[in-house]
Amino acid sequence: MSAPFGVRSADVLIIGAGPAGLSAATQLRKLGVAHVMVVEREPMGGGIPRHCGHPPFGIREFGWVMTGPAYARRLVDRAVKSGVELQLGCTVVSIDHADDLVVTCASNRGPLTVVAKRVVIATGVRERPRSARLVSGERPIGVINTGALQEYAYLQKLIPFRRPLIVGTELVSVSSLLTCRNIGAKPVAMIESRNQPTVRPISMWLPRLLGIPVRYGTHLVDIKGRSRVEAVTLLCPDGTHEDIACDGVLFTGSFKPEASLARSVGLDIDAGTGGPVIDQFARTSEPRIFAAGNILHPVETAGWSWREGRRVGGFIADDLNARLPAADQAIRLKPGPGIRYVVPQRIVPGGEGLSHLQLRAADSVSGSLVAMADGQIICKQPLTSSPERRILAPISAFENANSDITIGVEGMQATDIRSRSTCE
Ligand SMILES: Cc1cc2nc3c(=O)[nH]c(=O)nc-3n(C[C@H](O)[C@H](O)[C@H](O)COP(=O)(O)OP(=O)(O)OC[C@H]3O[C@@H](n4cnc5c(N)ncnc54)[C@H](O)[C@@H]3O)c2cc1C
């Protein structure tokens, strides 16, 4: 049962009931923090997995393979059973941190104001929409992203199109083929602007099996159709244009953190991730506000986000007991050539936080990952990776540095990489 609205207080207020927010909340309760509240704008908790009607979820968390909705329900059950207060249908619209942390939420039950000792932003990611991809043309119905497709297909039982064009070849693009199949839609093609799939090439057996052509080095330049999508114009690798008939366009992947709130609060935002800058304890530039999950790194799996949320719950419990090192005096970590982002972006001396830096390559790379401080190499390890693959480097390698560190790729080349990063 939800407590009445109005002005409330909490030890920790978590924004977003996805895997990261719920695991942080559950861990905080396990560690004895008395009042943990999770605020979620959707009418159901569980985050993105609520509408991923496919396995595999839950292996790491529950020890067996589940569909997204079953996994989401389990996460919510576990949080509520541990004593977490869950406020659904409640959107956080502002965080005032001038003095106390005061979080304001809007809901159809009226406004809710929560004064909290600590806040966690765990608002996840979203896919880049058409407008941000600068695709020209008319504005007909039937142009959506995978999140909306999953929501239509699995939650609302709606069929947005029958013959869409799929833009992108990330993991989520391949999984959208299964969602299309479930609603009886057959994509006319998948297109990818690079000359190779973003997902591991082995996953491309699925479009082949389903008889869906995949076109590399191809760009979507125009969408045609007055009320519904009727056709698209593609720019082909040889520079020619080609029209293909279709009744929808599905933009997949190209994830961006859901960071509007973090921006509006005035937190430092990292240009590489698009999410808040954190230190190894997940503290943002306002050290009473933490962040966890995919808002930090587009994009990771549910299992990864869940595990990270659990660690962040532990850091906050330590912080409430004044057991974290001071947040100032940090060294900065910056991406160098060939690297798109590095998380965390700050390391403070002392204390054990996240064990690894997470990095992403800007493109397919092969060479060495090199960390430099004061013109000296402080760490070097072989690296072979593709875009969107997780690269990990142990934070312990950087703890003794006393000036800012730049991490880049040496001997970088764009290659047709087929293997995992050797740093993983
Ligand atoms: C379309 C799509 C498909 C995906 N498919 C998979 C998949 O098949 N497998 C996989 O492992 N990963 C998948 N992912 C990655 C997914 O991000 C992670 O699985 C996981 O959900 C990340 O957890 P999270 O807690 O960081 O964020 P989320 O699960 O995104 O949860 C964030 C929550 O914050 C809420 N929220 C946001 N802003 C506010 C606000 N202002 N006030 C209140 N609540 C707010 C949102 O409603 C949401 O419930 C997918 C992602 C997308 C976008």
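All right, on to the overall build of the protein then. Assigned secondary structure in the protein consists of nine helices and 26 strands. Its C-alpha radius of gyration of 22 Å places the protein within 12% of the 22 Å reference for a compact globule of 424 residues. Projected onto the principal axes, the alpha-carbon positions of the protein cover approximately 60 × 60 × 40 Å. Within the protein, the proportion of its 424 residues that are buried is 46%. Relative to all contacts within the protein whose residues are 6 or more apart in sequence, the contacts with residues 24 or more apart total 65%.

Turning next to the domain arrangement of the protein. Considered domain by domain, the protein is made up of domain 1 (6-126 + 256-324), domain 2 (129-253) and domain 3 (334-410). Relative placement of domain 1 and domain 2: their C-alpha centres are 31 Å apart. Its residues assigned to classes, the side of domain 1 that touches domain 2 comprises two nonpolar, three polar and one charged.

As a further point, take the pairing of strand S26 (residues 405-410). Here strand S19 (residues 331-335) pairs with S26 via three bridges, running parallel. Considered in S26, the bridge of Lys334 is made with Thr406. Summarising the sheet, strand S23 (residues 365-373) and S26 pair through five bridges and their orientation is antiparallel. When the bridges of S26 are listed, Ser368 appears paired with Glu410.

A few words now on the site of the ligand. Neighbouring the ligand are 36 residues, the closest being Gly16, Gly18, Gly47, Gly124 and Gly293. Only helix H1 (19-30), strand S4 (90-96), strand S7 (125-127), helix H5 (146-156), helix H6 (171-182) and helix H9 (302-320) provide two or more residues apiece to the shell around the ligand. Looking at the shell around the ligand residue by residue, the classes come out as 15 nonpolar, 15 polar and six charged. Domain assignment of the residues forming the shell around the ligand places at least three in each of domain 1 (6-126 + 256-324) and domain 2 (129-253).

This paragraph deals with the sheet that holds strand S12 (residues 214-216). Spatially, five strands are ordered S9-S16-S10-S11-S12 in an open sheet, and the strand pairing comes out parallel. Taken across any chain shown, the strands that pair with only one partner, and hence form the sheet edges, are strand S9 (143-145) and S12. Strand-to-strand twist of the sheet, defined as the mean angle between neighbouring strand axes without regard to direction, takes the value 20 degrees. Across three bridges, the pairing between S9 and strand S16 (residues 248-251) is parallel. Each bridged residue has a counterpart across the sheet, and for Val143 the counterpart in S16 is Val249.

Cut-offs used in this document
- Residues numbered from 1 in each chain as written.
- Predicted model: local features only at pLDDT ≥ 70, side-chain atom pairs only at ≥ 80, totals over all residues.
- Helix = DSSP H or I, 4+ residues; strand = E, 2+ residues; numbered from the N terminus.
- Rg over C-alpha atoms; globule rule 2.2 N^0.38 Å.
- Buried ≥ 20, exposed ≤ 12 C-beta atoms within 10 Å, placed from the backbone.
- Contact = placed C-beta atoms within 7 Å.
- Domains from an automatic or database assignment.
- Nonpolar A, V, L, I, M, F, W, Y, C, P; charged D, E, K, R; others polar.
- Pairing = 2+ DSSP bridges.
- Near = placed C-beta within 6 Å.
- Axes fitted to C-alpha atoms, helices over the stretch in contact; angles between N-to-C directions.

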